[in-house]
Structures are given as C-alpha cells and as structure tokens.
Amino acid sequence: RTASAFAVASGVPLTVTVGAGGAGGVYVANNQGVNGSNSVFSSITSSGGGGGGYASGSPVSGTAGGSGGGAGSLIDSSSNDSTGGAGNSGSYTPVEGYRGGNVTNSAKGAGGGGGSSAAGGDTGSDTTGNGGAGTTTSISGTSTSYAGGGGGGGFPNAGGTGGLGGGGAGGNPTSNPGNAGTVNTGGGGGGGGGGAAPAGTGGAGGSGIVIIRYPDTFIAPIATTGSPTVTVAGGYRVYKWTSSGSITF
C-alpha cells in the first residue's frame, strides 16, 4: 500500500504494526499455507498475503489476501484443476495485489503466488508457476522492491522462481522445502516441492515493513517507539519500522 498527504494531529500517537509473514503449509500433514498478518500505519492497512494451496486427495485452491496464494497441485491426479486465491485488485487505488496462479490441464507443479504488481504464474503440462512481480519504490531513499509472490512448488521439474520484491523460490523434487520470503519485504514464501515422502514444506512469508516520510522543513516527532530507522536526506525525514511501534508529532 502507498498513500500520500496523510493528515496528523499534534500530540496524538499513531500506531505502527508490522505484520508477520504466514507459515508455509506442510504437504504430508495436508496443511494449507497461512495468510500473512496485516501491516498498519494509523488508519492505513496493508493486507497480509494469501496462503498457498496444497494437495489432499484432490488439489486445494489458494486463499485470498492482499495478493492471492498460488493454487495447490496433486502430483498423481488426472484432473488437477485448482485456482489461485484472489488479490485485492479491485478494492484499492492503487491495487494491493493480484491473484495467485491457477493449476490447469493436469499440471503437476503448483501455481505461483500473486505479487503487488502482477498475478502469479499459471501452470499446465508439467510446468510450475513463478511468483508475481512486486512493486519498486524509493520512499526510503533507496530504490527497493516489495511484495513479490512466492514461486510454486515443483514436480517433476524445478520449482517456480520468486517474484521481484522478496518472493521465495519454490522447492524442487530432490530439495523439497520452499524458500522463505525475504524479511521486511512482504514477499511470499515458495511452495514445497513434490516427490517421495516426506514431501516439502512451504516457505514462510516475509514480514512486512512500514515507512513514512515528510519534508525535513518540519521538526522531528516528539516521540517514537519500536526503534525505527531514521534518515534525513534528499529533503525528507524518513522513518522505517521493521517491528511494531508508534510515532507522535
């Protein structure tokens, strides 16, 4: 989420919440990937990403979130269609994120997780979905990408690549676990790879981050909590939280 021209009142603490990434699903236990937690600045909320699907007799679809989780895949199914979870592409301007990748045509690899700028990759004919691309911003003073989707877990081919913006790569048949999303990027975790038991566990999603800036012609806040990183450069005061806290002007 991005926003501008946010009005503040002096002496009123504004709450900052840095959301945790969701846990990856465990294939052998038939666990769905868990949605990430929301990150919040005062009244502005950035929704946690959707959990990825899994396989349990039939493939299970991804869940909805800020960006949607990729669809699950069943490696020995002749009818393997499942859908990626929806992203919040129609509720916000700019959109929060896009859907996870779908699994079609008896594919064996899983769908990629959605990113904040693009949908997760669909699968078909033994391909694996890549994670959707995230969004690049320079609000911190350095060009950085956030909220890339995790790659789908692979079988029999390699796992999908993670999307630009911290998305973790999907696991492979011979190296099952999916890679975790990068911390403090909101990147999605990669899906666990298929193959012989114990099949792979999905990677955890990356935790969120909250960044604000305002012209350095205004004074510093009277108080902060949560130990934000503070930078004064390029005409701005920049406050970056990687753990929850507050700010009071």
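Going by the structure above, here's the rest.
To keep things clear, this report deals only with the structure shown in the data block. It should be emphasised that the depicted structure is a prediction, and the values quoted were computed from it without experimental measurement.

In this fold, S39 is placed in strand β2 (residues 39-41). A residue is classified by how much of its surface remains accessible, and S39, at 9% relative accessible area, is buried. Among the polar contacts made by the side chain of S39, one reaches the main-chain amide nitrogen of G19 at a distance of 2.8 Å. Residues within four places of S39 in sequence aside, it is in contact with T17, V18, G19, I44, T45, S46, G208, I209 and V210.

Turning next to the nonpolar core. L14, V16, V18, F41, V210, I212, Y214, Y239, W241 and I247 form the largest nonpolar core, which has 10 residues in total. For this core, the element with the most residues is strand β8 (residues 210-215), which contributes three residues. Discounting chain neighbours no more than four positions away, the residues touching Y214 are I219, A220, P221, G235, Y236, R237, Y239 and F249.

Once that is clear, we can look at the sheet that holds β8. Within the open sheet, the three strands sit side by side as β8-β11-β10. Their pairing is antiparallel. Of all strands in the sheet, those bounded by a partner on one side alone are β8 and β10 (229-233). This sheet shows a mean twist of 15° between the axes of neighbouring strands, independent of strand direction. Across six bridges, the pairing between β8 and strand β11 (residues 236-241) is antiparallel. In the sheet register, R213 faces β11, and the bridge partner there is V238.

A few words now on the packing of aromatic side chains. Summed over the entire model, instances satisfying the criterion amount to four aromatic pairs. A centroid spacing of 5.5 Å and a plane angle of 80° characterise the contact between Y214 and F249, whose relative ring orientation is edge-to-face. You can see Y214 sitting in strand β8 and its partner F249 sitting in the segment after β12 (245-248), a full 35 residues away along the chain. Taking relative accessible area as the criterion, Y214 reaches 13% and is therefore assigned buried. Every member of this aromatic cluster is reached through a ring pair, and the members are Y214, Y239, W241 and F249. Seen from the ring of Y236, R213 lies directly overhead, with NZ or CZ sitting 3.8 Å from the centre.

Moving on: the pattern of salt bridges. When their charged atoms lie close together, side chains carrying opposite charge are able to pair. Under the defined criterion, the tally for this structure stands at two salt bridges. The partner of R1 in a salt bridge is E96, with the nearest N and O atoms 3.9 Å apart. Of the two residues, R1 is situated in the segment before β1 (14-17) and E96 in the loop between β5 (58-59) and β6 (135-137); the sequence distance between them amounts to 95 residues. In this structure, D122 and R99 form a salt bridge, with 2.9 Å as the shortest nitrogen-oxygen distance. One end of the pair, D122, is in the loop between β5 and β6; the other, R99, is in the loop between β5 and β6, and 23 residues separate them in sequence. Taking relative accessible area as the criterion, D122 reaches 38% and is therefore assigned partly exposed.

The next point concerns the sheet that holds β2. Pairing is antiparallel across the open sheet formed by five strands, whose spatial order is β3-β2-β1-β12-β9. Only two strands of the sheet have a single neighbouring strand rather than two, namely β3 (44-46) and β9 (223-225). The sheet shows a mean angle of 15° between the axes of neighbouring strands, direction not considered. Judged from the three bridges that link them, β9 and β12 form a sheet pairing that is antiparallel. By the bridge assignment for β12, A223 is matched with T248.

Most of the time, phi is negative for any residue but glycine, and the peptide bond is trans. Of note in this structure, S42 is not a glycine but carries a positive phi near 55°. On the secondary structure map, S42 appears in the loop between β2 and β3. For S42, a relative accessible area of 29% gives the class partly exposed.

Reading the values: the criteria
Residues numbered from 1 in each chain as written. Predicted model: local features only at pLDDT ≥ 70, side-chain atom pairs only at ≥ 80, totals over all residues. Heavy atoms only, no water. Helix = DSSP H or I, 4+ residues; strand = E, 2+ residues; numbered from the N terminus. Buried < 20%, exposed > 50% of the residue type's maximum accessible area, 1.4 Å probe, protein only. Polar contact = N/O pair within 3.5 Å; in protein donor to acceptor, adjacent residues only side chain to side chain. Contact = heavy atoms within 4.5 Å. Core = buried A, V, L, I, M, F, W, Y, C linked by side-chain atoms within 4.5 Å. Pairing = 2+ DSSP bridges. Axes fitted to C-alpha atoms, helices over the stretch in contact; angles between N-to-C directions. Phe/Tyr/Trp six-rings, centres within 6.5 Å; stacked < 30°, edge-to-face > 60°. Lys NZ or Arg CZ within 6 Å of the ring centre and 35° of its normal. Salt bridge = Lys/Arg side-chain N within 4 Å of Asp/Glu carboxyl O.

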